[in-house]
Amino acid sequence: MRFGIATKLGVLLALVGMLAAGITGYNAFQVSRSMLVEAAKDKLLTSTQVLARRITLNREEASRNLMVLAQHPATLAVLENPGPSTAQQVAQLSELFSLLMQVQPAYQQVRLIDAVGYGLERVRVDRGPVGPAPVDLEDLQEKGHFDYVSETLKLPAGHTYMSRLSTSHDGHTDLGDGRPTLQLAMPVVGSQGRNRGVVVINLDVKGMFDLLAQDLPENFRLFFANSEGDILIHPDPDKTFGFDKGRRVLIQDEFPATAAMVRGELNQAVFDARQGAHAELPVVAAFLSQGVVTVSDETRVLLGLAQPLDEVLAASDRLGWLVLQIVGVLCVASGLVALWMGRALTRPINAINRAAQQVASGLPPGELPTERRDEIGALARTFRDMRVQINEQISELRDNQDELEHLAQHDPLTGLPNRRKFQERLDLALAQARRFPQRVCVLFIDLDRFKLINDNVGHDAGDAVLQAVARRLKAMLREVDTVARIGGDEFVVVLGAPATDEQLDAIAAKLLDGLREPVDFEHQRLELGCSIGIAIYPDHAHSAVDLLAAADQAMYRAKTAGRNTYRIAQPVHTLPT
């Protein structure tokens, strides 16, 4: 039997259409999988950055708590006048330590240790099964042989010492023994200017990470390692603190891509792990290397998040089934219509094939024959719907990434830029000031009596005050000015345009008056005020860090002067080196 050219052409077109449909579907499927993996990597890296920032904020908050405890009058009284006469101060400190541990679930122990008596503990509160519990006098121990005591006593006032990460073997904390822990300590300076003791906070690292990880997706896996790569936190508890069990379990052995980070050659790494320990269950991971800014034997730590690759590609499996259906429909339609219509189908099939190739290349699909009422029209509409679904998934992933990026740069309570965003704005202002010589003015604002509001009225009232202060600051400042909350009740402002001394005086007076107004909260009028420190580039500092530090010191001078006022920083040549 002889077949006519139309039949041959129809068969040939049908085969070509089936082949094109298969290649297009396969390419679309592979492209979608690659896009999902890349989007997951971006999301993991952003989440890791946000988590690292929150860890830094927790460490800074612990340093501020240590500062409060080290400067408390009862602390020095217990150290300089030990004996029965200080029983009231000991009770007062025990109560203060207990209150601090109640609001900080990750604090396992707070202690006051004397510099004399071989580092004898003077006041100690442990976390017990039912909450913080002061330790009896006869159970206090000598701790002078520990580095967090001897090394902290060498530090100047206000400096924090951080111990190496280890497991707790104290045996006196019912909830902390055997868990990853570290000690944060600060010296207590006596009346004659020498260190009389140290205040120590034992931090439950695992508990802190558990709290921070509550906002992460359930399928995220958390990893934490020290500067040498020893795994400290791992989804498998048997792989943590191997050196404490007579063996080394290293992050670079499980994830070879982190070896360069352990050596200090890279600060971050994003990769797929498909071999070794993860050969059976591959993961996508993002790791950050973060330096330790406090005085510590630890130089840096590694923080990482991982997500099973199967879960990342779950959406592509659904898309693959849709692609498979589309390819099937395309093959059937191409075969039938090619046999019946021959040349008539060449043009619309080619149009669909070109559209599929353009989509696989990331280009607009162009015009599709969606108006046809036959199989080819249905195929074109299905292909269009598939592209819409892909675009919606990509858009959703990008929206999530934008939201995470916004959270990483803004304070969730007030909506103001956080320290990271403020640092970027300040660096930009200083760069412009160096290129076009001009002044950059920074105002450091700290609320007065805010702790009393938190303690006496509650944290909801404190949050309401912070939100009210943020609104007032934005209302009183210009759009070109940047106002940020950098932690607790501390706000900073960088003026968007140079200001004269007279203008700075007027701005500071305006802010003092605006923030002096009471805040209404649940039928109460909460009285507050603020102390402001002002620093100017290049008069008081030449770098962002020094400029912010100068403004901070000026703010403390304003507090010393009686609060509810402002002070301008000292000239740069008088600042301590």
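The text that follows walks through the structure, step by step, so that each part is easy to find. (Residues numbered from 1 in each chain as written. Predicted model: local features only at pLDDT ≥ 70, side-chain atom pairs only at ≥ 80, totals over all residues. Heavy atoms only, no water.)

Here we take up the overall build of the protein chain. Of the regular secondary structure elements, the protein chain holds 16 helices and 20 strands. Here the protein chain, with 577 residues, has 49% of them falling under the buried criterion. In the protein chain, the share of contacts with a sequence separation of at least 24, taken over all contacts with a separation of at least 6, comes to 62%. As presented, the protein chain carries roughly 28,600 Å² of accessible surface, and 53% of it is formed by carbon and sulfur atoms. (Helix = DSSP H or I, 4+ residues; strand = E, 2+ residues; numbered from the N terminus. Buried < 20%, exposed > 50% of the residue type's maximum accessible area, 1.4 Å probe, protein only. Contact = heavy atoms within 4.5 Å. Areas by Shrake-Rupley, 256 points an atom, 1.4 Å probe, with all protein chains shown as cover.)

Between helix 14 (residues 459-476) and helix 15 (residues 501-516), whose axes approach to 10 Å, the crossing angle comes to 145 degrees. Helix 14 and helix 15 meet at a crossing whose hand is right-handed. Between helix 14 and helix 15, the residues in contact are Val 469, Arg 472, Leu 473 and Met 476 and Lys 510, Leu 511, Gly 514 and Leu 515, respectively. Of the residues belonging to the contact of helix 14 with helix 15, the class tally is five nonpolar, one polar and two charged. (Axes fitted to C-alpha atoms, helices over the stretch in contact; angles between N-to-C directions. Left-handed = near helix turned anticlockwise from the far one by under 90°. Nonpolar A, V, L, I, M, F, W, Y, C, P; charged D, E, K, R; others polar.)

Here we have five strands laid out as an open sheet, ordered 15-16-14-19-20, and mixed in their pairing. One side of each edge strand has no neighbouring strand; the edge strands of this open sheet are strand 15 (482-487) and strand 20 (566-568). In this sheet, neighbouring strand axes are inclined to one another by 20 degrees on average, regardless of whether the strands run parallel or antiparallel. Looking at chain direction, strand 14 (residues 440-448) and strand 16 (residues 490-494) are connected through five bridges and run antiparallel. Along strand 16, the bridge assignment pairs Val 442 with Val 494. (Pairing = 2+ DSSP bridges.)

Here we take up helix 3 (residues 87-103). Between its terminal C-alpha atoms helix 3 stretches 25 Å, which fits the 24 Å expected from 17 residues at 1.5 Å a residue. Inspection of helix 3 places Leu 93, Ser 94, Phe 97, Ser 98, Leu 100 and Met 101 among the buried residues, and these make up the whole buried set. Considered in projection along helix 3, the buried side chains sweep an arc of 160 degrees and stay on one side of the axis. Those residues of helix 3 that are exposed and aimed more than 90 degrees away from the buried face are Gln 88 and Gln 102. (Expected span 1.5 Å × (residues − 1). Arc of directions from axis to C-beta.)

What follows is about the nonpolar core. Ranked by size, the top nonpolar core spans 53 residues in total, and within it Leu 51, Phe 97, Leu 112, Phe 209, Phe 224 and Leu 303 carry the most contacts. Here this core takes eleven residues from helix 1 (residues 5-70), the largest share from any one element. What Phe 209 contacts, discounting residues up to four positions off in sequence, is Ile 55, Leu 222, Phe 224, Ile 233 and Leu 303. Membership of the second largest hydrophobic core comes to 36 residues, among which are Cys 441, Leu 443, Ile 453 and Leu 528. (Core = buried A, V, L, I, M, F, W, Y, C linked by side-chain atoms within 4.5 Å.)

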